[in-house]
Amino acid sequence: MEVDPENAPAEAEYKDETYYFCAPGCKRRFEENPEKYL
């Protein structure tokens, strides 16, 4: 899924990269186990 960084409702940093999410819940799941989603 592609998310427009300008309008993303959530973002997270991981290993010096910024990831953008369509919803805060997706961000939380990513932060719990980033490697699973990369």
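Reading the values: the criteria
Residues numbered from 1 in each chain as written. Predicted model: local features only at pLDDT ≥ 70, side-chain atom pairs only at ≥ 80, totals over all residues. Heavy atoms only, no water. Buried < 20%, exposed > 50% of the residue type's maximum accessible area, 1.4 Å probe, protein only. Salt bridge = Lys/Arg side-chain N within 4 Å of Asp/Glu carboxyl O. Helix = DSSP H or I, 4+ residues; strand = E, 2+ residues; numbered from the N terminus.

- If you check an unreviewed UniProt entry, the protein appears there as Copper-transporting ATPase from candidate division MSBL1 archaeon SCGC-AAA259B11.

### Notes on unusual backbone geometry
Alright, step 1. Phi at lysine 15 is positive, roughly 50 degrees, even though this residue is not glycine.
Alright, step 2. Accessibility expressed as a relative area gives 63% for lysine 15, which makes it exposed.
Alright, step 3. A positive phi is found at aspartate 16, a non-glycine position, where the angle reads about 60 degrees.
Alright, step 4. The exposure class of aspartate 16 is exposed, given its relative accessible area of 82%.

### A few points about the pattern of salt bridges
Alright, step 1. Under the definition given, this model contains two salt bridges.
Alright, step 2. Residue lysine 15 is joined to glutamate 35 by a salt bridge in which the shortest nitrogen-to-oxygen separation is 3.4 Å. Here lysine 15 is found in the loop between strand S1 (10–14) and strand S2 (17–21), whereas its partner glutamate 35 is found in helix H2 (residues 34–37), with 20 residues between them in sequence.
Alright, step 3. In this structure, glutamate 31 and lysine 27 form a salt bridge, with 3.8 Å as the shortest nitrogen-oxygen distance. Taken together, the positions of glutamate 31 and lysine 27, both in helix H1 (residues 24–32) and four residues apart, correspond to about one turn of that helix.

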